[in-house]
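A closer look at the structure
Below are the chains, spelled out letter by letter.
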Amino acid sequence: MMNENSIDTSLLLKVYDAIRVVNPLEKSVIDDEFVENEKPSCCYDIWDFGRTCENCISTRALQENRTVMKFEYTDEKLYMVTAIPDPSKRQVLELLRDVTNEHLLEGMRDETSEKIMEKLKKLNQEVVTDGLTNVYNRRFLRERLPYELIKAYQDQYPISIVMLDVDYFKHINDDYGHPTGDQVLIELATVLKNWIREETDWVVRYGGEEFLLFMQKISSKMLKERMEALRLHIEELIFCKDTHQIKLTVSMGLLNQMIVNENGIEKGDDFIHLADEALYTSKKNGRNQCTMVGAVEEKSIDLPD
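All residue numbers here refer to positions counted from 1 along the written sequence of the relevant chain. Confidence filtering applies because this is a predicted model: local features only for residues at pLDDT of at least 70, side-chain atom pairs given and counted only at 80 or more, and all residues used for totals across whole chains, interfaces and linings. Think of the side-chain values as coming from all heavy atoms in the structure, minus any hydrogens and water.

For the rest of this paragraph, the subject is the sheet that holds strand S9 (residues 250-257). A pair of strands is treated as paired once DSSP finds two or more bridges between them. To qualify as a helix, a DSSP run of H or I must reach at least 4 residues; to qualify as a strand, a run of E must reach at least 2; elements of each kind are numbered from the N terminus. Read across the open sheet, the five strands follow the order S7-S8-S6-S9-S10; overall the sheet is mixed. The open sheet has two edge strands, strand S7 (202-207) and strand S10 (290-293), and neither has a second partner. Taking the axes of each pair of neighbouring strands and ignoring which way they run, one obtains an average angle of 20° across the sheet. Across four bridges, the pairing between S9 and S10 is parallel. Within S10, the position partnered with Gly-253 by the bridge is Thr-291. Lying on the sheet, helix H5 (residues 178-195) is in contact with strand S6 (159-166), S7 and strand S8 (210-216); it crosses S8 at an angle near 10°. Against the sheet, helix H7 (residues 268-284) contacts S6, S7, S8, S9 and S10, and its axis sits at roughly 145° relative to S9. Simply put, an axis is a line fit to the C-alpha atoms, just over the touching stretch for a helix, and the angle between two N-to-C directions goes from 0 to 180 degrees. In what follows, residue pairs with any heavy atoms lying within 4.5 Å of each other are defined as contacts.

Let us look at the packing of helix H4 (residues 169-176) against H5. Direction vectors running N to C along H4 and H5 enclose 135°, while the axes themselves pass 7 Å from each other. Between H4 and H5, the angle is such that the two are oblique. Each of Phe-169, Ile-172, Asn-173 and Tyr-176 in H4 lies in contact with H5, whose residues at this interface are His-178, Thr-180, Gly-181, Val-184 and Leu-185. Note on residue classes: Ala, Val, Leu, Ile, Met, Phe, Trp, Tyr, Cys and Pro are nonpolar, Asp, Glu, Lys and Arg are charged, and everything else, Gly too, is polar. Here the contact of H4 with H5 is composed, by residue class, of five nonpolar, four polar and no charged. An angle below 35 degrees is read as roughly parallel, one above 145 as roughly antiparallel, one from 65 to 115 as roughly perpendicular, and any other as oblique.

What follows deals with the sheet that holds strand S1 (residues 18-23). In any sheet, the strands associate via hydrogen bonds between backbone groups, in a parallel or an antiparallel arrangement. Overall, antiparallel pairing links the five strands, which are arranged S2-S1-S5-S4-S3 in an open sheet. Two strands bound the open sheet, and with one partner strand each, they are strand S2 (28-32) and strand S3 (68-74). With direction set aside, neighbouring strand axes in the sheet form an average angle of 30°. Two strands pair when backbone bridges link them, and S1 and S2 are joined in this way by four bridges, in the antiparallel orientation. If you follow Val-22 over to S2, its bridge partner there is Val-29. Together, S1, S3, strand S4 (77-86) and strand S5 (91-98) form the strand contacts of helix H1 (residues 57-64), whose direction differs from that of S4 by roughly 25°.

Think of a disulfide as a covalent bridge from one cysteine sulfur atom to another cysteine sulfur atom. We call a pair of cysteine sulfur atoms a disulfide when they lie within 2.5 Å. As enumerated under the stated definition, the model contains zero disulfides in all. The thiol of Cys-56 is not disulfide-bonded; the next cysteine sulfur, from Cys-43, is found 5.9 Å away.

This paragraph deals with unusual backbone geometry. Backbone geometry places Lys-27, a non-glycine residue, at a positive phi of 60°. Its place among the elements puts Lys-27 in the loop between S1 and S2. Located in the positive-phi region is Asn-134, a residue other than glycine, with phi close to 65°. For Asn-134, the location among the structural elements is in the loop between helix H2 (113-127) and helix H3 (138-155). Think of it in three bands: with a 1.4 Å probe and only protein chains considered, a residue is buried below 20% of the maximum accessible area for its type, exposed above 50%, and partly exposed in between. What makes Asn-134 exposed here is its relative accessible area of 51%.

Moving on to the nonpolar core. Counting residues in each nonpolar core, the largest one holds 43 residues, and the members touching the most others are Leu-141, Ile-159, Ile-161, Met-163, Trp-202, Leu-212 and Ile-272. The element best represented in this core is H3, accounting for seven residues. Look past the residues within four positions of Ile-159 in its chain and what remains in contact with it is Glu-148, Leu-149, Ala-152, Phe-214, Met-215, Gln-216, Leu-255, Asn-256, Gln-257 and Phe-271. Working definition of a nonpolar core: buried Ala, Val, Leu, Ile, Met, Phe, Trp, Tyr and Cys residues. They are joined through side-chain atoms within 4.5 Å. Of all hydrophobic cores here, the second largest spans 31 residues; its members include Phe-211, Ile-218, Leu-223 and Phe-239.

Pasting the structure below:
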């Protein structure tokens with residue numbers, strides 16, 4: 001049943017198959033008409049992902065204060081999900097309608113469950129993926145970072161933000177042409193994706209030749225070691241080896257931050273700015289180097305293996 005502080009959904013139940021109210025920033029369920037028993041602890045549990053949705057339309061709806069829609073699939077049923085924000089309560093009303101037999105998505109009528117899941121995953125990933133490099137885009141960063149900061153504060157572990165920029169990238173475009181420059185960025189993005197931990201970390205193309213890496217649960221020492229190793233690894237690689245054999249160097253700004261109070265969970269832009277300032281310092285001091293801000297000691301956290 002809905003609690004007294006939640007959105008009144010009685011009329012909507014006559015139109016939609018299921019409704020629920022969520023806090024998308026915390027990924028929590030406030031009220032849920034979707035399940036008969038106890039409500040799930042996380043809003044994404046109903047889709048059986050085992051992790052937060054990459055294309056979180058409820059976060060987008062709340063941040064942009066507008067209604068957003070997408071499709072999801074579970075228990076061999078296709079659902080159209082509509083997210084309606086209530087900014088005053090930091091809540092979102094999710095309306096779920098079973099459209100399995102309405103054939104709203106072209107080419108899915110006779111597909112297997114596996115094929116439908118694959119197509120929907122691709123559609124949802126395209127929304128938050130950079131079209132050139134196939135890493136996440138700034139929309140994903142804007143929607144995912146608030147959740148990561150809340151989780152880090154609640155569980156008291158540090159977060160790391162790395163701003164990485166290709167040194168003298170304009171020279172590559174000028175000397176070899178923009179298609180070659182694009183290929184360099186594609187290959188570099190693959191290197192970055194392979195360098196981080198797939199389960200917990202992620203990479204964003206922040207703009208042009210600049211990338212942002214998000215990591216969690218590592219100390220300043222470990223972060224510096226990993227990023228220095230990455231910098232040296234990139235310096236040794238040959239890019240576009242089938243055509244021009246290009247060598248690169250990169251500059252980085254590293255932020256390692258423990259969020260010690262609730263105000264910190266709303267400072268995602270400030271953290272990015274600090275990492276960006278550290279990147280500027282690296283470039284000003286000669287490029288091809290890392291500059292660190294923030295400090296979280298190893299003894300204060302449980303480090304991963």
